[in-house]
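# Examining the three-dimensional arrangement
The primary structure of each chain is shown beneath.
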Amino acid sequence: MALILSRLSAVFSAISDCCTMLQKYTKVFIGSTVLLLVPTGELHEELRSLRTAKKVAQWVKVQYQIKEDHTYEVPLTSSFWHLFLLNHVHIIAGGGWVWNDHGQLLVIERNGRLDLPKGKLSRNETIEECALREVEEECAIEQLELLSGPFHTYHSYKYKGEFALKTCFWYHMKVDGSPALLPQEEEGITAAYWAYPEQVRLRLKEMPTFTSLKEVFQRFIDGSLVKPKMPNHKA
């Protein structure tokens, strides 16, 4: 069962937890809109006028429909940010940036989008266990090894008639060789494969990805996201 904080019973706890995890200069994605969290500063006039939870909810709903990119700086102490959190249930997920011996990245295609393996945290597991389990289940791969992390992405999306804010904990992982992969079709995954940067670049011309992963894929393409050095296991 996914770990989901009820907005009614734990909203203030959720706000406190989110403010702790969402540090300054973090990006929160809402469709093509980005909230750039900053420690201090002046809130954009458009957001400053949204003084109730209902108005913030209406604004969030509109952002899902907008195709143009927009970025707003949002001070962590602003009333808008607290009202934004009030409108969301909080979902925790874990996933992997998985590398094989050839320096290829494990990429999946889910519901018509280029993606990386990830999934929701269950109650009786750690976030590291969640990340490993989700990669194993979604790609039928075993003997994964955690290398480093976590790294975080945050995005807002529609969830059961409400809004959810998903925090995804990403870990660098490795696997020996280049094992065959099998996509978990019941999760909407139609393909799972090992890819070099150029392959990802070409695939992104044919298939969209989630805004929260655009920067991750771009870093892989330009060479700034690389396979971490392997620990030395020699005796």
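Structure: see above.
Described below are features of the structure shown in this document. (Residues numbered from 1 in each chain as written. Predicted model: local features only at pLDDT ≥ 70, side-chain atom pairs only at ≥ 80, totals over all residues. Heavy atoms only, no water.)

Our focus in this paragraph is the pairing of strand β3 (residues 33-38). With six of six residues buried, β3 is to be regarded as a mostly interior element. With burial as the criterion, each face of β3 is covered, one bearing T33, L35 and L37 and the other bearing V34, L36 and V38. Of the pairings in the sheet, the one linking strand β2 (residues 27-30) to β3 comprises four bridges and is antiparallel in character. From the neighbouring strand, F29 faces β3, where its bridge partner is V34. Taking the residues between adjacent antiparallel strands as the criterion, β2 and β3 are bridged by two residues, where G31 takes a positive phi near 60 degrees. (Buried < 20%, exposed > 50% of the residue type's maximum accessible area, 1.4 Å probe, protein only. Helix = DSSP H or I, 4+ residues; strand = E, 2+ residues; numbered from the N terminus. Pairing = 2+ DSSP bridges.)

What follows covers the pairing of strand β9 (residues 145-159). The pairing of β2 with β9 spans three bridges and is classified as parallel. Paired with F29 across the strands is H155, a residue of β9. Sheet analysis places β9 next to strand β10 (residues 162-174), joined by twelve bridges and oriented antiparallel. Within β10, the residue paired with L146 across the bridge is M173. With antiparallel pairing between neighbouring strands as the criterion, β9 and β10 make up a hairpin whose turn holds two residues, including K160 at a positive phi of roughly 50 degrees.

Within a pair of aromatic rings, the relevant descriptors are the distance that separates the centres and the angle that separates the planes. With the rule as written, the count across this model stands at nine aromatic pairs. Aromatic side chains W59 and Y72 sit 5.7 Å apart centroid to centroid with 75 degrees between the ring planes, which places their arrangement in the edge-to-face category. Highlighted residues: W59 in helix α3 (residues 53-63) and Y72 in strand β4 (residues 70-75), separated in sequence by 13 residues. By the burial criterion, W59 is buried, and Y72 matches it. An angle of 85 degrees between the planes, with centres 5.5 Å apart, marks the rings of W59 and F80 as edge-to-face. Of this pair, W59 sits in helix α3 while F80 sits in helix α4 (residues 79-86), and the two are 21 residues apart along the sequence. Across this residue pair, the class does not change: W59 and F80 are buried. Cation over ring: R113 sits above F210, and NZ or CZ is 5.1 Å from the ring centre. Its end group placed over the ring of F210, K118 keeps NZ or CZ at 5.2 Å from the ring centre. (Phe/Tyr/Trp six-rings, centres within 6.5 Å; stacked < 30°, edge-to-face > 60°. Lys NZ or Arg CZ within 6 Å of the ring centre and 35° of its normal.)

Within the largest apolar cluster, 23 residues are counted, with the highest numbers of intra-cluster contacts made by L35, W59, V74, F80, W81 and F84. Contributions of two or more residues to this core are made by β2, β3, α3, β4, α4 and β10. The element that contributes the greatest number of residues to this core is α4, accounting for five residues. Counting 20 residues, the second largest nonpolar core, distinct from the first, contains I127, A131, L181 and I189. (Core = buried A, V, L, I, M, F, W, Y, C linked by side-chain atoms within 4.5 Å.)

Under the criterion given, the structure shown has 13 salt bridges. The salt bridge involving K118 is made with D115; its shortest N-O contact spans 2.9 Å. K118 gets classed as buried once you look at its relative accessible area, which sits at 11%. Given the relative accessible area of 0%, D115 is considered buried. Among the salt bridges present, the one from K174 reaches D176, with a minimum N-O distance of 3.1 Å. (Salt bridge = Lys/Arg side-chain N within 4 Å of Asp/Glu carboxyl O.)

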